[in-house]
Amino acid sequence: MLRVSPYGPLVDAEPLGQISDPPCATALEQLQQRQHPRSRPRHTEKNTGRILSGITSTVDDMTTFASVRIVTDDLDRLTAFYEHVTGLTASRPAPVFAEFRTSAGAFAISSSDLTTKLYGEDVVRPAANHTAFLEFQVEDVDAEYERLSDLEFVQKPTTMPWGNRSLLFRDPDGNLVNLFTPPGSVPTDRT
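What counts, and where the lines are drawn
As a convention, each chain's residues are numbered from 1 in the sequence order in which they are written. Residues qualify for local features only when their pLDDT is at least 70, as the model is predicted, and side-chain atom pairs are given and counted only at 80 or more; totals for whole chains, interfaces and linings, by contrast, use all residues. Excluded from the side-chain calculations are hydrogens and water; all other atoms, namely the structure's heavy atoms, are used. Labels follow the DSSP assignment, with helices taken as runs of H or I lasting at least four residues and strands as runs of E lasting at least two, numbered in each case from the N terminus. Think of it in three bands: residues with accessible area under 20% of the maximum for their type are buried, residues over 50% are exposed, and the middle band is partly exposed, with areas taken using a 1.4 Å probe on protein chains only. Two residues qualify as a contact provided that any one of their heavy atoms is within 4.5 Å of a heavy atom in the partner residue. Accessible surface is estimated by sampling points in the Shrake-Rupley manner with a 1.4 Å probe; for residues, cover comes only from the protein chains shown. Each salt bridge in this description consists of a side-chain nitrogen of Lys or Arg and a carboxyl oxygen of Asp or Glu lying within 4 Å of one another. For the purposes of this section, nonpolar cores are sets of buried Ala, Val, Leu, Ile, Met, Phe, Trp, Tyr and Cys residues that join through side-chain atoms within 4.5 Å. By convention, a stacked pair of Phe, Tyr or Trp rings (six-membered ring in the case of Trp) has centres within 6.5 Å and planes under 30 degrees apart, an edge-to-face pair has planes over 60 apart, and any other such pair is tilted. Put simply, a patch holds well-exposed residues, over 30% relative accessible area, that have no salt bridge, with like charges counted together within 9 Å and Val, Leu, Ile, Met, Phe, Trp or Tyr side chains within 5 Å. By this rule the span expected of a helix is its residue count minus one, scaled by 1.5 Å. Our arc is simply the arc of the directions from the helix axis toward the C-beta atoms. The score called pLDDT rates the predictor's confidence residue by residue, from a low of 0 to a high of 100. Two strands qualify as a pair provided that DSSP identifies no fewer than 2 bridges between them. A fitted line through C-alpha atoms represents every axis, and for helices the fit uses only the stretch in contact; the resulting angles, taken between N-to-C directions, go from 0 to 180 degrees.

1. A word on the overall build of the chain
Here comes step 1: Scanning the chain for helices and strands turns up four helices and eight strands.
Here comes step 2: When the helices and strands of the chain are placed in sequence order, the string is α-β-α-β-β-β-α-β-α-β-β-β.
Here comes step 3: Scored against the burial criterion, the 191 residues of the chain give a buried share of 34%.
Here comes step 4: Taking the contacts inside the chain whose residues are at least 6 apart along the sequence as the reference set, 55% of them involve residues at least 24 apart.
Here comes step 5: Put simply, the chain shows about 12200 Å² of open surface, and 52% of that area lies on carbon and sulfur atoms.

2. Let's talk about the pattern of salt bridges
Here comes step 1: A full pass over the atoms with the stated rule returns five salt bridges.
Here comes step 2: When salt bridges that share partners are traced, they join Asp74, Arg77 and Asp173 into one network.

3. Things to note about the nonpolar core
Here comes step 1: Core analysis: the biggest nonpolar cluster contains 23 residues, and Tyr82, Phe107, Phe169 and Leu179 have the highest contact counts within it.
Here comes step 2: Looking at this core, the elements with two or more residues in it are helix 2 (75-86), strand 3 (97-102), strand 4 (105-111), strand 5 (133-137), strand 7 (165-170) and strand 8 (176-181).
Here comes step 3: Looking at this core element by element, the count peaks at five residues for helix 2.
Here comes step 4: Other than its neighbours up to four places away in sequence, Leu179 contacts Val85, Phe136, Val138, Val141, Glu144, Leu148, Arg165, Ser166, Leu167 and Phe169.

4. Description of the packing of aromatic side chains
Here comes step 1: In total, this model carries eight aromatic pairs according to the counting rule given.
Here comes step 2: For the ring pair Phe153 and Phe169, a centre distance of 6.2 Å and an interplane angle of 85 degrees mean the geometry is edge-to-face. Of the two residues, Phe153 sits in strand 6 (residues 153-159) while Phe169 sits in strand 7, which places them 16 residues apart along the sequence.
Here comes step 3: For Phe169, a relative accessible area of 0% translates into the label buried.
Here comes step 4: Taken together, the ring pairs connect Phe81, Tyr82, Phe100, Phe107, Phe136, Tyr145, Phe153 and Phe169 into an aromatic cluster.

5. A look at a nonpolar patch on the surface
Here comes step 1: A cluster of nonpolar side chains, contributed by Tyr119, Val123 and Val124, occupies part of the molecular surface with about 270 Å² of accessible area.
Here comes step 2: Along the chain, Tyr119 turns up in helix 3 (residues 112-119).

6. A short note on helix 2
Here comes step 1: Compared with the 16 Å implied by 1.5 Å per residue over 12 residues, the 16 Å span of helix 2 between its first and last C-alpha is a close match.
Here comes step 2: Every buried residue of helix 2 is accounted for by Leu75, Leu78, Thr79, Phe81, Tyr82, Val85 and Thr86. On an axial view of helix 2, the arc spanned by its buried residues comes to 160 degrees, and they lie on one face.
Here comes step 3: Gly87 lies just past helix 2 and shows a positive phi near 80 degrees.

7. Some thoughts on the confidence of the model for the chain
Segments scoring low in pLDDT should not have their predicted coordinates read at a detailed level.
Here comes step 1: Summing up the model confidence of the chain, the mean pLDDT is 77 and the portion of residues at 70 or higher is 64%.
Here comes step 2: Across residues 1-25 the pLDDT falls below 50, and counting only partners more than four positions away or on other chains, this stretch makes 56 contacts in the model.
Here comes step 3: This model gives residues 39-53 a pLDDT under 50, and the stretch forms 18 contacts once residues within four places in sequence are excluded.

8. Details of the sheet that holds strand 8
Here comes step 1: Across the sheet, which stays open at both edges, the four strands sit in the order 5-8-7-6 with mixed pairing between neighbours. Two strands in the sheet have a free side with no partner beyond their single neighbour: strand 5 and strand 6. Neighbour-to-neighbour, the strand axes of the sheet open up by a mean angle of 15 degrees, direction not taken into account.
Here comes step 2: Bridge count for strand 6 against strand 7 is four bridges, and the pairing is antiparallel. By the bridge assignment, Thr159 is partnered in strand 7 with Arg165.

9. Considerations on unusual backbone geometry
Here comes step 1: Positive phi, normally seen in glycine, also occurs at Asp122, with a value near 70 degrees.
Here comes step 2: Topologically, Asp122 is positioned in the loop between helix 3 and strand 5.
Here comes step 3: Here the phi dihedral of Ala127 falls at roughly 60 degrees; this positive angle occurs in a residue that is not glycine.
Here comes step 4: Note that Ala127 resides in the loop between helix 3 and strand 5.
Here comes step 5: By relative accessible area, Ala127 is classed as partly exposed at 47%.

What follows is the structure, encoded as structure tokens:
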């Protein structure tokens, strides 16, 4: 199935307690600094994260990739879907947040109620992604295709021009998911 990191979760499970009321921006920044001490605060009164001029960062001092998060109106449904697809059990540090750890980082899902409370309406739009793939490397795409036969597929297992064996489908919110196996990991007679 998926390769899972032996390291602990990227998100501290208890720093803000139950996230039923929106924590203040200062508390969130303090949490970010505890979890990622080398990173710089991203959103302050003067730095909204929207101005890109004057970026001095290079690849050598870039922050380590930590996670991708999907925002949804139905956290339990989407979490159950990804538990089925990945074979992993999500950690649930708060009722409005789920996280899957892999060797490459974390894949997280949060409730639209949370993002609306924290950032306001119209910051994210659940179930409106038409630009990104969520990609998971698996040992055998064809075996996953058989295991997940209850899903509706966008593309059945196919060997791509660059050699990956790939399988595409959508999650319940319409996000495109790619399960792939790199070249040399599957028998060569599959096309």
